[in-house]
Amino acid sequence: MKFRENLSVRRRFLLVALLIVALMVVAMSLFLVHKRNATPRELAHINALCSKDIQRAKTLFIAAKKREKTYDEDGRWFLKFLSLKLKVKENSDFKDDKEVLALVDHYEGYGDDAMLSDVYYCAGCVYRTLNDYPKAVEYFMKIVGVNHTIKAPTDIEALCYYQLAYIYSVQGLDSEALKWQKKALQIHESQGDLTHCVYDYNNMAWSYMALGYKNKALKMLLKARGMALKIDDAALLSEVDGFLANYYNENGPLTEAKKFIDSARRNVGNATLSSTYSLSFEIYDKLGLRDSAAVFCNKVLQHGSVYAKRHAYWWLTVQSLKNGDAEGALGNFVSYKNYVDSVDIVSPRDALASANAMYDYELKEKENLKLEMHQMRQTVYIIVSVTIAIIIVLLSMLTYFILWRRKRLLETRMEILNKALERERELKEEAIAEKEMEMEQMRRQLAESKSGKIGNEEQVFAVADRNDDIQKKKLIVRSRNLRDKKFLESEVFKKLMLAISGGENVKFEDWDELFATVNRIYPSYKDNIAKFCRMSEIQMKVCVLLKIGVSFSDISVLVIRSKDTVYSICTRLYFKNFKTKGTASKWAELMRSL
């Protein structure tokens, strides 16, 4: 029993050891992931806010900047990155590239490789702002070019495609711009991102218009409108309707232009107030609806850009002259002249750049938020994957060990069983040979008595008595095979006999003494029984009683169970250990042989 307890302790120790190893590996994985993304929580929070609440992000950044000395080197570099990112988000003007070059140099040499796509993207935006388009293209190409040096998430790839399209577009390279716009559209379609698909179709429409493909441009705008309706985004639909109104304003008919600009005004947002009212003003003026045009002219003066206001003042100057109001015309002309002096004439290409810049600011916020979520998911996937892999390996090792151990135990049990069967067979063969010799001896003696060599009757009886002695000796030998003389003389044996003879009136309770006596007299029993499957207390009691030769009926009295229950215990133990059916007597023979 103590041996089996020690075995159980060893098993538990092994399981605990494996669990400790698993926890250590998981902890190491978490440490490596943390090391790889060693960003303080508050700085990561600011980074996420850059895509949602720029003003809140700036406030927290200023507070974090004051605690700069409390961060390690990685944290201080991340602060520098946030400073650059906030400037990019606000479309700030950059005087030089010193700040971005320092960040690129650090993250290429010593920083977190996962940050490179963000840093390269910001670098491209900085050089685009500096009008250094070749350098901007170089950094965007590091993310999406044929020989790109890093693997970036598909979201940031699509954003780089947009930036490249914008750069080529403002340079008049509309065919090249269209190629990158199609790539961005392909990614967004594969992701099912209809919102970005709408923007991509709008941009492609601008490029087709610049290339002279008006029908294709209209087709792109109608596709964009269909998607805006599908996702039920009123603000986005208003933007698309504004583009359609502008298309029909330039290409006719003006009735279609009026229909779409009226639709655009229903859900106009602050970002498109100027362009929407300016276009309404222009369309209604062309249609000859002067009163409505005058209303929209006043809206332009309230909400319009400097370009729109300049056009509004010129229109007011002309209207004042038509009405004979020279003083009003002079005042309006002075205002118009002030706007002419402050801005250059806006070309269609400038309008495209302005519209794309507005889209750029809004799209970057959405894309950066997606990038943050993607990186977070990637970190979680790494931790979960490593943990699952470790668990699978440990379970595989544990399963292999258990199966190997079961195989070894089964082989040992089969070896014990084979030895017991061999011993039983040898005993039977010896008994048969001995009986044959005795019978042959008796035949010779009987033959001698009949032939007169043994003449008196007393010799015949002597032979018979000798035969009885032989039979008694055989019984004694058999008894000794079942019960050793030492055990028969032990106190616990006397208690057993008393309990058996007393029946249900006397209960045997000295089980510990019985186990100790058997282990002392039969030392091999303790080691051999431990090689079998784990047994319950009642099963161990049945086995030790079988070992000392107690019958099934007497065992039922000692363990206070029915005889059928004792039989069932033996057959179940045989099947449990050898995976094959066996009788109770086979199990009893095996126990006696231990």
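As the structure is a computational prediction, the values presented were derived from the model and not from experiment.

> Please clarify how the overall build of the protein should be interpreted in this entry.
Each helix and strand counted, the protein has 27 helices and zero strands in total. Relative to its 594 residues, the protein shows a buried fraction of 40%. Sequence-distant contacts, at least 24 apart, represent 61% of the contacts inside the protein between residues at least 6 apart.

> In this structure, what is going on with the packing of aromatic side chains? I would like to understand it.
Any pair of aromatic rings gets described here by the distance separating the centres and the angle formed by the planes. Following the criterion strictly, the structure yields 18 aromatic pairs and no others. Here the aromatic rings of Y247 and Y248 are separated by 5.3 Å at their centres, their planes lie at 80°, and the arrangement is edge-to-face. For the pair Y247 and Y248, a shared accessibility class is recorded, and that class is buried. Ring geometry for F487 against F493: centres 5.7 Å apart, planes inclined by 65°, an arrangement best described as edge-to-face. Grouping residues by exposure puts F487 and F493 together as buried. Joined through ring pairs, the aromatic side chains of F532, Y574, F578 and W587 make up one cluster. A cation sits over an aromatic face here: K80 above W77, 4.0 Å from the ring centre. The ring of Y522 has K547 lying over it, and the distance from NZ or CZ to the ring centre is 4.4 Å.

> How do you make sense of the nonpolar core when you look at a structure like this?
For soluble globular proteins, the rule of thumb is that nonpolar side chains tend to be buried together. Ranked by size, the top nonpolar core spans 55 residues in total, and within it L43, F81, L84, Y107, Y121 and F140 carry the most contacts. Listing elements by their share of this core, those giving two or more residues are α2 (41-49), α3 (54-66), α4 (73-89), α5 (98-109), α6 (116-129), α7 (133-144), α8 (154-170) and α9 (174-191). The leading source of residues in this core is α8, at 12 residues.

> Can you walk me through a nonpolar patch on the surface in this structure?
Residues V380, Y381, V384, I388 and I392 make up a contiguous nonpolar surface patch of roughly 470 Å² in combined accessible area. The residue V384 is located in helix α18 (residues 348-450) in this model. The exposure class of V384 is partly exposed, given its relative accessible area of 40%.

> I keep staring at a positive patch on the surface and nothing clicks. Help me out?
On the surface, a cluster of positive charge is contributed by K182, K216, K219 and K223. Its location among the elements puts K223 in helix α11 (residues 214-231).

> Is there a simple way to think about the confidence of the model for the protein in this case?
Per-residue pLDDT for the protein averages 77, and the proportion of residues at 70 or more is 75%. Across residues 33-38, where pLDDT falls below 50, the model places 10 contacts with residues more than four positions away in sequence or in other chains.

What counts, and where the lines are drawn
- Residues numbered from 1 in each chain as written.
- Predicted model: local features only at pLDDT ≥ 70, side-chain atom pairs only at ≥ 80, totals over all residues.
- Heavy atoms only, no water.
- Helix = DSSP H or I, 4+ residues; strand = E, 2+ residues; numbered from the N terminus.
- Buried < 20%, exposed > 50% of the residue type's maximum accessible area, 1.4 Å probe, protein only.
- Contact = heavy atoms within 4.5 Å.
- Phe/Tyr/Trp six-rings, centres within 6.5 Å; stacked < 30°, edge-to-face > 60°.
- Lys NZ or Arg CZ within 6 Å of the ring centre and 35° of its normal.
- Core = buried A, V, L, I, M, F, W, Y, C linked by side-chain atoms within 4.5 Å.
- Patch = residues over 30% accessible without salt bridge, like charges linked within 9 Å, V, L, I, M, F, W, Y side chains within 5 Å.
- Areas by Shrake-Rupley, 256 points an atom, 1.4 Å probe, with all protein chains shown as cover.
- Salt bridge = Lys/Arg side-chain N within 4 Å of Asp/Glu carboxyl O.
- Lys, Arg positive; Asp, Glu negative; His and termini not counted.
- Charge placed at Lys NZ, Arg CZ, Asp CG, Glu CD.
- pLDDT = per-residue confidence, 0-100.

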